[in-house]
Amino acid sequence: MGQSHSEPEVGESPEVDAGKLNVRAASYSVGAQDSHAVYYHISVSPPGTAEEYTVYRQFSEVATLHQNLSACRPKKGTRANPLPPPLPPLPSRRRRTSVNRPKPQDDAIFLHSRQDQLSEFLSDLVDQYERGVLPDGSAELLSDFLSHNANQFPPVRIV
């Protein structure tokens, strides 16, 4: 893979709440020059532990998660079963660019901003999960997203 970018400054460690699942987009990697792949390194720390594992996700996988979570939402609520709170907004897919601007995956400012938005999006989802307000089927989707292929770096594409 190409370059890797981290969120916390050197010597800083993220705050850990021992009673809750901690999730954050800790960094990202940009593929080789001929590849436009960007992988976000999502750090997951289970409740009650300082242990951490990482899942690597492209933005398209985050968008698919959001789409699948939206499909789980009921269309109507009732007094006995009110509608769950709305899903957090999906981070921006593309930065508005002019003809002379680099592509978004080459734009470090855009990627850092998206990394921050992704951390907020995931934290909000985990908060909804912990409050028990995600619709049926959503918890399984979120769990799979945060655990599938944990600590396995994405395969390198040889061109």
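Below is a summary of the structure that appears in this document. (Residues numbered from 1 in each chain as written. Predicted model: local features only at pLDDT ≥ 70, side-chain atom pairs only at ≥ 80, totals over all residues. Heavy atoms only, no water.)

1. Brief notes about the packing of helix 2 (residues 108–130) against helix 3 (residues 138–147)
Threshold: As a rule, the C-alpha atoms of each element are fitted with a line to give its axis, helices using only the stretch in contact, and angles between N-to-C directions run from 0 to 180 degrees. Helix numbers and strand numbers start at the N terminus; a helix is a DSSP run of H or I with at least 4 residues, a strand a run of E with at least 2. Any angle that is under 35 degrees is reported as roughly parallel, and any over 145 degrees as roughly antiparallel; angles of 65 to 115 degrees are reported as roughly perpendicular and all others as oblique. A crossing counts as left-handed when the near helix is turned anticlockwise from the far one by less than a right angle, and as right-handed when that turn is clockwise. For this analysis, residues touch if any pair of their heavy atoms sits within 4.5 Å. Three classes are used, and their members are as follows: Ala, Val, Leu, Ile, Met, Phe, Trp, Tyr, Cys and Pro are nonpolar, Asp, Glu, Lys and Arg are charged, and the others, Gly among them, are polar.
Contact pair helix 2 / helix 3: the axes reach a minimum separation of 11 Å and the direction vectors enclose 135°. Considering their axes alone, helix 2 and helix 3 lie oblique with respect to each other. When you trace helix 2 past helix 3, the crossing you get is left-handed. Seen from helix 2, the contacting residues are Leu 122, Leu 125, Val 126 and Tyr 129; seen from helix 3, they are Ala 139, Leu 142, Phe 145 and Leu 146. Of the residues belonging to the contact of helix 2 with helix 3, the class tally is 8 nonpolar, no polar and no charged.

2. A closer look at the packing of aromatic side chains
We count it as follows: Put simply, two rings from Phe, Tyr or Trp (the six-membered ring, in Trp's case) pair if the centres are within 6.5 Å, and we call them stacked under 30 degrees between planes, edge-to-face over 60, tilted for the rest. Think of it in three bands: with a 1.4 Å probe and only protein chains considered, a residue is buried below 20% of the maximum accessible area for its type, exposed above 50%, and partly exposed in between. Here, a charge over a ring means that NZ of Lys or CZ of Arg falls within 6 Å of the ring centre while also lying within 35 degrees of the ring normal.
Within the structure shown, the criterion is met by 2 aromatic pairs. On the numbers, 6.1 Å between centres and 50° between planes, the contact of Tyr 28 with Tyr 40 is tilted. Of this pair, Tyr 28 sits in strand 2 (residues 22–30) while Tyr 40 is found in strand 3 (residues 38–45), placing the two residues 12 residues apart along the sequence. Like Tyr 28, the residue Tyr 40 is buried in the burial classification. For the pair Tyr 56 and Phe 153, a centre-to-centre distance of 4.7 Å together with 70° between the ring planes defines the contact as edge-to-face. Here the residue Tyr 56 occupies a position in strand 4 (residues 53–57), and Phe 153 occupies one in the segment after helix 3, the gap between them amounting to 97 residues. Sitting over the ring of Phe 59, Arg 114 keeps its end group 3.9 Å from the ring centre.

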